[in-house]
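Notes for the structure review
Here's the letter readout for the chains.
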Amino acid sequence: MTFTNSQRFYPDTRMRRMRADDFSRRMMRENTLTPDDLIYPMFVIEGSNARESVASMPGIERLSIDLLVKEVKEVAALGIPAVALFPVTPLSAKSEMAEEAFNPNGLAQRAVRAIKEAVPELGVITDVALDPFTTHGQDGIIDDRGYVLNDITVETLVRQALSHAEAGADIVAPSDMMDGRIGQIRDELEDNSFVNTRIMAYSAKYASAYYGPFRDAVGSAGNLGKGNKFTYQMDPANSDEALHEVALDLGEGADMVMVKPGMPYLDIVRRVKSELKVPTFAYQVSGEYAMHMAAFQSGWLDEESVMLESLMAFKRAGADGILTYFAMRAARLLNS
C-alpha cells in the first residue's frame, strides 16, 4: 500500500467512519461466507440403522449407509454442495496390501452409489488413501523396515480411484502424499472415459499432530500406534516445499488442490492462492474441531460466533472451499 504526499490523514480520514453502521460495514465487506463454501466430511460404517459417536469429536457420528443417505438429504437441502466420504473399515477387511481399498463392493463404493441414487445433484468426494485399509495404519504398502513404498502404493491408489469413479464419485481426493500418483490416476481415469471425474489433490498435507481425532474416527489410530508419517507427509516447518508440491500435482492433472491442516497453515493457503491462482481448498481438521468444541462446551468461547469467524478466516486467506465438521451447523446459521 502506498500513500501520496497530498493524502490527508486524521481527522479527515477516520477509519471508524465506515464501521459506524451495519449497512456500511456490509458495503465494504471484503469476503463473504455462504453454504457454497462448505464441504461436509462424513464417516460411514457397516451395518443397518447404526450410528456411533466419536468420543474425541463431540457431535460427530459414524453412520451406516442407510442413515448416511438420510443425512445427506439434509446436507443438500442446506445448500452445501458436496460431502467427503471416509469409510471405517472393519478389522477383518484390513490387510498389509490394502486390497479392500479397490473392492467394487467395498463400503466406500456402496456408500457412493447410495448417495448418488438418493441425491444425484450432491457432489461426492472420496478419499483415496490406504490407511483405513492397512493393518499397520500407514497410507501405503510397507517394506520389512516399515518404510512406505511409493510406486507399488501408487498402483493400488490408481485402482482405488478408478473403483470410486466407477461407483459414481464426482471427485477423487488422493490424500496419501505419494509422488507421482496424480498423473497416474489422471491417466487411468482418461483411459476409462471418466474424463469429468475431478481430482482434488491433497498437495500440501503436513505431518501434523492435529489429526488424532480423525484417526480415532476411521479406526486407524490403533493400527498406527506410535508410528508416524514423516517420510511422506510434509514437514510443518516448510512453506516453499508446499508450492513445489502443488505445482507438481497441477502439472500432473489435478483440478484443485488441498492444504491440510487448515487454520495453523493459512499462510500456505494464501501463498498457494496468490502465487498459483488455482482452485484452493483447506481442511479444518479434526483436531481443530475438537479444540473448538472443548472450548464451546466449557463455556470459554461463544459457539456460533467463533465457528463462523474461524470459517471466515479460511475465506480471507484465499480458500475457495472448506472441509469442516461444522458445515451443517454453519449452513443453518448462514441460511437463517
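What comes next concerns the included structure. Along every chain, residues carry numbers that run from 1 in the direction the sequence is written. Where local features are concerned, this predicted model is filtered to residues with pLDDT of at least 70; where side-chain atom pairs are given and counted, the filter is 80 or more; whole-chain, interface and lining totals use all residues. Only heavy atoms go into the side-chain values, all of them from the structure, while hydrogens and water stay out.

**Focus: the packing of aromatic side chains**
Two rings from Phe, Tyr or Trp (for Trp, the six-membered ring) form a pair when their centres sit within 6.5 Å of each other. Planes less than 30 degrees apart are called stacked, planes more than 60 degrees apart edge-to-face, and all others tilted. Counted by the stated rule, this structure contains ten aromatic pairs. For the pair Tyr-289 and Phe-326, a centre-to-centre distance of 4.8 Å together with 50° between the ring planes defines the contact as tilted. In this pair, Tyr-289 sits in helix α10 (residues 286-297) while Phe-326 sits in the loop between β12 (321-324) and α12 (327-335), placing the two residues 37 residues apart along the sequence. Each residue gets one of three labels from its accessible area relative to the maximum for its type: buried under 20%, exposed over 50%, partly exposed in between, using a 1.4 Å probe on protein chains only. Given a relative accessible area of 0%, Phe-326 falls into the buried group. Put simply, DSSP marks the helices as runs of H or I at least four residues long and the strands as runs of E at least two long, and each gets a number from the N terminus on.

**A few points about the pattern of salt bridges**
When a carboxyl oxygen of Asp or Glu is within 4 Å of a side-chain nitrogen of Lys or Arg, the pair counts as a salt bridge. For the structure on display, the rule yields 17 salt bridges. Residue Glu-52 pairs with Arg-62 through a salt bridge whose shortest N-O separation is 3.3 Å. Taken as a pair, Glu-52 in strand β2 (residues 51-53) and Arg-62 in strand β3 (residues 61-64) lie far apart in primary sequence, ten residues in all. Look at Glu-52 and you get partly exposed, because its relative accessible area is 37%. When its relative accessible area of 12% is taken as the criterion, Arg-62 is described as buried. We note a salt bridge from Lys-229 to Asp-131, for which the minimum N-O separation is 3.6 Å. Taken together, the residues span a long stretch of sequence, with Lys-229 in the loop between α7 (221-224) and α8 (240-252) and Asp-131 in the loop between β5 (123-128) and β6 (141-142) at a distance of 98 residues. Both residues of the pair, Lys-229 and Asp-131, count as buried. When salt bridges that share partners are traced, they join Asp-131, Asp-139 and Lys-229 into one network.

**Comments concerning the packing of α8 against helix α9 (residues 266-276)**
Packed helices, taken two at a time, are described by their axes: the angle between them and the distance between them. As a packed pair, α8 and α9 sit with axes 10 Å apart at the nearest point and diverge in direction by 50°. On the basis of the axis angle, α8 is oblique to α9. In terms of crossing hand, the pair formed by α8 and α9 is right-handed. Residue-level inspection shows Asp-240, Ala-242, Leu-243, Val-246, Ala-247 and Leu-250 of α8 in contact with α9, the latter providing Ile-268, Arg-271, Val-272, Glu-275 and Leu-276. In the scheme used here, Gly and all other residues not listed as nonpolar or charged are polar, with Ala, Val, Leu, Ile, Met, Phe, Trp, Tyr, Cys and Pro taken as nonpolar and Asp, Glu, Lys and Arg as charged. Grouping the constituent residues of the contact of α8 with α9 by class yields eight nonpolar, no polar and three charged. Throughout, an axis means a line fitted to C-alpha atoms (over the contacting stretch in the case of helices), and angles, computed between N-to-C directions, take values from 0 to 180 degrees. Oblique is the label for every angle not falling under 35 degrees (roughly parallel), over 145 degrees (roughly antiparallel), or within 65 to 115 degrees (roughly perpendicular). The sense of a crossing depends on the near helix, which, turned anticlockwise from the far helix by less than a right angle, makes the crossing left-handed and, turned clockwise, makes it right-handed. Residues are treated as being in contact if the distance between any of their heavy atoms lies within 4.5 Å.

**Overview of the pairing of β3**
DSSP bridges decide pairing: two strands pair if at least two such bridges lie between them. Here strand β1 (residues 38-45) runs beside β3; their pairing, made up of three bridges, is parallel. Residue pairing for β3: Phe-43 is matched across the bridge by Arg-62. Bridge count for β2 against β3 is three bridges, and the pairing is antiparallel. Bridge pairing links Ser-53 to Glu-61 in β3.

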